[in-house]
Amino acid sequence: MKNLVVLLAGLAFTANGLAGNVLNGKVTLVIDGNTIEVRADDNETYKIMLYGVDSPELGQAYGEKAKKFLEKMILDKNVNVNIQGKDRWGNRLGVILIDGTVDPRYDLLEAGLAWTAERDPVQELETIKEKARDKGKGLWKEQDPTPPWIYRRQQTMTQLKSS
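Everything quoted here is computed from the prediction, not taken from an experiment.

## Looking at the environment of Glu-44
Piece 1. If you trace the backbone, Glu-44 turns up in the loop between β2 (35-40) and β3 (45-50).
Piece 2. Taking the relative accessible area as the measure of exposure, Glu-44 reaches 45% and is therefore partly exposed.
Piece 3. As a C-alpha pair, Glu-44 and Gly-25 span 19 residues in sequence and 9.4 Å in three-dimensional space.
Piece 4. Among all residues touching Glu-44, those that are not within four sequence positions of it are Val-38 and Arg-39.

## Section: the nonpolar core
Piece 1. Ile-36, Ile-48, Ile-74, Val-79, Val-81 and Ile-96 are the most contacted members of the largest nonpolar core, which totals 31 residues.
Piece 2. Elements that contribute at least two residues to this core include exactly β1 (22-32), β2, β3, α2 (63-74), β5 (78-86), β6 (92-98), α3 (104-110) and α4 (123-135).
Piece 3. At four residues, α2 tops the list of elements feeding residues into this core.
Piece 4. Those residues in contact with Ile-74, other than ones at most four positions away along the chain, are Val-27, Val-30, Ile-36, Val-79, Ile-96, Ile-98 and Pro-104.

## Concerning the pairing of β3
Piece 1. Two strands pair when backbone bridges link them, and β2 and β3 are joined in this way by five bridges, in the antiparallel orientation. Each bridged residue has a counterpart across the sheet, and for Val-38 the counterpart in β3 is Tyr-46.
Piece 2. Hairpin connection between β2 and β3: a loop of four residues separates the two successive antiparallel strands, and Asn-43 in this loop has a positive phi of roughly 70 degrees.
Piece 3. Relative to β6, β3 runs parallel, the two sharing three bridges. Paired with Met-49 across the strands is Leu-93, a residue of β6.

## Focus on the side chain of Asn-34
Piece 1. Examined against the element boundaries, Asn-34 turns out to sit in the loop between β1 and β2.
Piece 2. For Asn-34, a relative accessible area of 2% corresponds to the buried category.
Piece 3. Not counting residues up to four positions away in its chain, the partners in contact with Asn-34 are Ile-48, Met-49, Leu-50, Val-53, Asp-54, Ser-55 and Leu-70.

## Side note on the sheet that holds β6
Piece 1. Spatial ordering of the closed barrel is given by β1-β2-β3-β6-β5, a layout of five strands whose pairing is mixed. Going across the sheet, the axis of each strand differs from the next one's by a mean of 55 degrees, ignoring polarity.
Piece 2. Along the sheet, α2 contacts β1, β2, β3, β5 and β6; its crossing angle with β1, the most-contacted strand, is approximately 145 degrees.

## Side note on the pattern of salt bridges
Piece 1. Tallying each qualifying case throughout the model produces seven salt bridges.
Piece 2. Put simply, Arg-152 and Asp-54 hold a salt bridge, and the shortest N to O gap is 2.7 Å. Taken as a pair, Arg-152 in helix α5 (residues 148-162) and Asp-54 in strand β4 (residues 53-54) lie far apart in primary sequence, 98 residues in all.
Piece 3. Overall, the relative accessible area of 31% leaves Arg-152 in the partly exposed class.
Piece 4. Asp-54 sits in the buried class, given a relative accessible area of 9%.
Piece 5. Measuring nitrogen to oxygen at the nearest pair gives 3.0 Å for the salt bridge that ties Lys-129 to Glu-126. Here Lys-129 pairs with Glu-126, and both are found in helix α4, just three residues apart, close to one helical turn. In this structure, Lys-129 and Glu-126 share a single accessibility class: buried.
Piece 6. One network of salt bridges, with partners in common, ties together Glu-126, Lys-129, Glu-130 and Arg-133.

About the cut-offs
Residues numbered from 1 in each chain as written. Predicted model: local features only at pLDDT ≥ 70, side-chain atom pairs only at ≥ 80, totals over all residues. Heavy atoms only, no water. Helix = DSSP H or I, 4+ residues; strand = E, 2+ residues; numbered from the N terminus. Buried < 20%, exposed > 50% of the residue type's maximum accessible area, 1.4 Å probe, protein only. Contact = heavy atoms within 4.5 Å. Core = buried A, V, L, I, M, F, W, Y, C linked by side-chain atoms within 4.5 Å. Pairing = 2+ DSSP bridges. Axes fitted to C-alpha atoms, helices over the stretch in contact; angles between N-to-C directions. Salt bridge = Lys/Arg side-chain N within 4 Å of Asp/Glu carboxyl O.

What is shown is where atoms sit, not what they do.
Here it is, written out as structure tokens:
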């Protein structure tokens, strides 16, 4: 019985730690076009990746532009982060609202500075991305832009061959 109570408590803690938590805090750093650091009200710093979008890597075309766009929009702003879980590398994924209302994912997609997630894209976000693509905005000016997940795989393969 004691083991069952410990197990249930552990499961509750784990589930609570992954999804459904809301962090409130201030953005202290923009790492790239879809990754930020937030100093939360508990005075801890959390690395958060925007849930459902993937911006070009810093070594790619539009990578620096996406980062600067997000910096201008979110750096030093108060945010609410609804944690959606973690990716396969353990990064926290979150839906971020600036001052409780503005979702930067929409702006990144509208400006053509992000793709929707490779796996299970959110339909609402996919619609915004397709409108930007149809209008030839941002990275969609390129004939065949390389998605960041392909770019990361290519970089990994290059590193493996040079070892």
